[in-house]
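The primary structure of each chain is shown beneath.
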Amino acid sequence: MNTPTDVLRPPWKELSRQREAATFALWVFLASELLFFGGLLLLYAAYRLANPEVFITAGRETDLWYGTANTAVLLTSSFTMAVAAGAAEADMRRLTIWCLGATVVFGLMFLVFKGFEYAEDIRKHLVPGESFALKEPAAQIFFALYWIMTAVHAIHLSIGVGLIGRLAIFGALRRVHLRENPQVEVTALYWHLVDVIWIILYPLIYLMGRS
Amino acid sequence: MRAQISAIWRKNGLAWLALLSLLGLTFGAAHLPLGIFNVVVGLAIASIKVTLVVVIFMGLGSSPSIIRLAAAAGVFWLAILFVLTLTDVLAGRQFQSAHSQTMGLEQSLDRNR
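Parameters at a glance
- Residues numbered from 1 in each chain as written.
- Chains lettered and ligands numbered in written order.
- Predicted model: local features only at pLDDT ≥ 70, side-chain atom pairs only at ≥ 80, totals over all residues.
- Heavy atoms only, no water.
- Contact = heavy atoms within 4.5 Å.
- Buried area = accessible area lost by both parts, 1.4 Å probe.
- Salt bridge = Lys/Arg side-chain N within 4 Å of Asp/Glu carboxyl O.
- Polar contact = N/O pair within 3.5 Å; in protein donor to acceptor, adjacent residues only side chain to side chain.
- Patch = residues over 30% accessible without salt bridge, like charges linked within 9 Å, V, L, I, M, F, W, Y side chains within 5 Å.
- Areas by Shrake-Rupley, 256 points an atom, 1.4 Å probe, with all protein chains shown as cover.
- Helix = DSSP H or I, 4+ residues; strand = E, 2+ residues; numbered from the N terminus.
- Buried < 20%, exposed > 50% of the residue type's maximum accessible area, 1.4 Å probe, protein only.
- Arc of directions from axis to C-beta.
- Core = buried A, V, L, I, M, F, W, Y, C linked by side-chain atoms within 4.5 Å.

Asker: I'd love a proper account of the interface of chain A and chain B, names of residues and values included.
Answerer: Contact residues are listed per partner, giving 51 residues for chain A and 46 residues for chain B. Taken together, both faces of the contact between chain A and chain B bury some 4,100 Å²; the carbon and sulfur share is 85%. Considering only the side of chain A, the residues that lose the most area to chain B are A:Trp27, A:Leu42 and A:Phe79, jointly responsible for 17% of the buried surface there. Put simply, chain A and chain B have zero salt bridges between them. Viewed at the interface, chain B and chain A are joined by two residue pairs in polar contact (both at pLDDT 80 or more).

Here it is in structure tokens:
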């Protein structure tokens, strides 16, 4: 199989080396992202250990159905992204483009659900401040963390939607060669990290105090 | 080609089904009155889901060792961050006499000021 030369960039002479370098660099970036979200999770852990009961009471106010539906949507988007990456490697252009498109649709669906959820949270006065709905001070800490963590996650997700959308459109217009292109693999890895972060957030935000 | 297509769908499809089943499981388990174990079960199932995504979707299972090392480094530093920050909580659980049971993290932070 000859390598498509138009995705090869200097200083690499072989595509396999370029791919390895790109994947390695992205994993280093993902490790730093893990520590970035890790800081927020640590803050959550410390405050939760200090206020175990209040965190459970506050967690009960989140919307379990939006949270669960969004988890299912994001898991499915990771599935279509994984198929897209596999298809790009096996030179199946159509399947790659369709799966990239499906991933974008699922990503947008997540953002729409999140928007409805945020609107409901605002209606229920769950934004920390003067008119906050719960009387315990630590409940405001829980919701401050809720807003920061989910918003930062949503920003990451929006960047992912942009990157995948770009690949899908440029791939369909044949402006980008999808076959064996390191960009597809790197974008897929980033998207899966966004999914991983959500998987960790889900039990910490939505599953508390439901029994 | 056909075999290749079905291999891609089968591998990722099975992982997807497993992930959705685990989501159902964690959703159900959250409704059982397990006390402190609710959060333990929730986090345990989350880590199984993360492992499935990382090993199968992200292909870490078949990656070169330099990439596994990069991933492991992230987890390693995260573990140091958590263990060192929460040392007094972990120690409090170990030595109940030194730390009274009711003392929360905030109070122990206050005492150090």
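Asker: Quick rundown of a nonpolar patch on the surface? Include the residues and the values.
Answerer: Residue and element names in this part refer to chain B. Together, Leu32, Leu34, Ile36, Phe37 and Val40 give the surface a local cluster of nonpolar side chains, amounting to about 480 Å² of exposed area. Take Leu32: it is sitting in the loop between helix H1 (2-29) and helix H2 (37-57). Accessibility expressed as a relative area gives 44% for Leu32, which makes it partly exposed.

Asker: Which residues make up helix H2 (residues 52-59) of chain A, and what are the values?
Answerer: All names here are of chain A. Regarding H2, the residues found buried are Val54, Phe55, Ala58 and Gly59. Each buried residue of H2 sits inside an arc of 130° when the element is viewed along its axis, so together they form one side. The elements touched by buried residues of H2 are helix H1 (15-50), helix H5 (137-172) and helix H6 (182-205).

Asker: Tell me what's going on with the nonpolar core, and back it up with residues and numbers.
Answerer: Counting 88 residues, the largest nonpolar core has A:Trp27 and A:Phe143 as the members making the most contacts within it. Per-element accounting of this core gives the leading share, 16 residues, to H6(A).

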